[in-house]
Amino acid sequence: MSKEYEYTFQVKDLKPYFNFCENNGFKLKSKFKQTRTIYRNPNKTMARITINQENDGKKKFLDFKEDNLVKGAVLKELNESLPIEFTDDNAVNSILEFLGYTKDNTMERTRTVYVGDGVTFEIDEYILPTPAKVVAVEGEKQVVDKIYQEIKDLSRLQ
């Protein structure tokens, strides 16, 4: 299990964040369509089935995460599992049902990932359930805090 340290915020325009990454030595790791379905459990955990549609086909993953998000909070510090890649939908659905998870919602987005020096940028353009533009900066606390201070006002929604 690992601890996620991440700033996540909605923005008006993604272009300033792409420019920041490209102008500051971050490397484009991937760009893909993603569908994520969230399952919740009364024990305050969530399961996530993520389907990434990349050039080499679809890849499906299951992971688990603490479910204690604070609405409006920009900084998240949550425990999460490593993802497991799978191909058997029936087995995964059976496991989730057995563990008491119920389907909550599904989102679709295009995700662009840049990486560098202990930091990952996840730049998302949501299609469903509501169109939105979201930037997440995740990684080592000291570096992420510094970068967040540099970028927090590039195109934030008020």
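Residues numbered from 1 in each chain as written. Predicted model: local features only at pLDDT ≥ 70, side-chain atom pairs only at ≥ 80, totals over all residues. Heavy atoms only, no water.

## Remarks on the confidence of the model for the protein chain
Across the protein chain, pLDDT averages 93, with 97% of residues at or above 70. When the elements of the protein chain are averaged for pLDDT, strand 1 (residues 2-10) gives the smallest value, 89, and helix 2 (residues 89-98) the largest, 98. (pLDDT = per-residue confidence, 0-100. Helix = DSSP H or I, 4+ residues; strand = E, 2+ residues; numbered from the N terminus.)

## Describing helix 1 (residues 15-23)
Regarding helix 1, the residues found buried are Y17, F20 and C21. Projected down its long axis, helix 1 carries its buried residues within an arc of 95°, all on one side. Within helix 1, the exposed residues directed more than 90 degrees away from the buried face are K15 and N23. Contact partners of the buried residues in helix 1: strand 1, strand 7 (102-116), strand 8 (119-128), strand 9 (132-139) and helix 3 (141-151). (Buried < 20%, exposed > 50% of the residue type's maximum accessible area, 1.4 Å probe, protein only. Arc of directions from axis to C-beta. Contact = heavy atoms within 4.5 Å.)

## Focus: the pairing of strand 8
Taken together, the nine bridges between strand 7 and strand 8 define a ladder with antiparallel strand orientation. Note on strand 8: the bridge partner recorded for V115 is T120. The turn linking strand 7 back onto strand 8 is made up of two residues, and D117 within it adopts a positive phi angle of 45°. Here eight bridges tie strand 8 to strand 9, and the two strands are oriented antiparallel to one another. Residue pairing in the sheet places F121 in a bridge with V137 of strand 9. Hairpin geometry of strand 8 and strand 9 is characterised by an intervening segment of three residues between the two adjacent antiparallel strands. (Pairing = 2+ DSSP bridges.)

## Considerations on the pattern of salt bridges
Oppositely charged side chains can pair when the atoms bearing their charge come close. Scanning the model with the defined rule gives 14 salt bridges in all. We note a salt bridge from K65 to E4, for which the minimum N-O separation is 2.9 Å. Of this pair, K65 sits in strand 4 (residues 57-66) while E4 sits in strand 1, placing them 61 residues apart in sequence. K60 serves as the salt-bridge partner of D89, at 2.9 Å between the closest nitrogen and oxygen. Highlighted residues: D89 in helix 2 and K60 in strand 4, separated in sequence by 29 residues. For D89, a relative accessible area of 33% translates into the label partly exposed. Salt bridges here are not isolated pairs; linked through shared partners, they connect R109, R111, E122 and D124. (Salt bridge = Lys/Arg side-chain N within 4 Å of Asp/Glu carboxyl O.)

## A word on the nonpolar core
The biggest cluster of nonpolar side chains holds 19 residues, and the ones touching the most others in it are F26, F121, V135, V137, I147 and I151. Elements represented by at least two residues in this core include exactly strand 1, helix 1, strand 8, strand 9 and helix 3. Ranked by residues supplied to this core, first place goes to helix 3 with four residues. Other than its neighbours up to four places away in sequence, F121 contacts F20, C21, F26, T112, V113, Y114, V135, A136, V137, I147 and I151. (Core = buried A, V, L, I, M, F, W, Y, C linked by side-chain atoms within 4.5 Å.)

## Quick notes on the packing of aromatic side chains
By the definition in use, this model includes nine aromatic pairs. On the basis of an interplanar angle of 55° and a centroid distance of 6.3 Å, the ring pair of F18 and Y114 is categorised as tilted. With F18 in helix 1 and Y114 in strand 7, this pair connects stretches of sequence that are 96 residues apart. Take F18: its relative accessible area is 22%, and that puts it in the partly exposed class. Taken together, the ring pairs connect Y5, Y7, F9, Y17 and Y148 into an aromatic cluster. (Phe/Tyr/Trp six-rings, centres within 6.5 Å; stacked < 30°, edge-to-face > 60°.)

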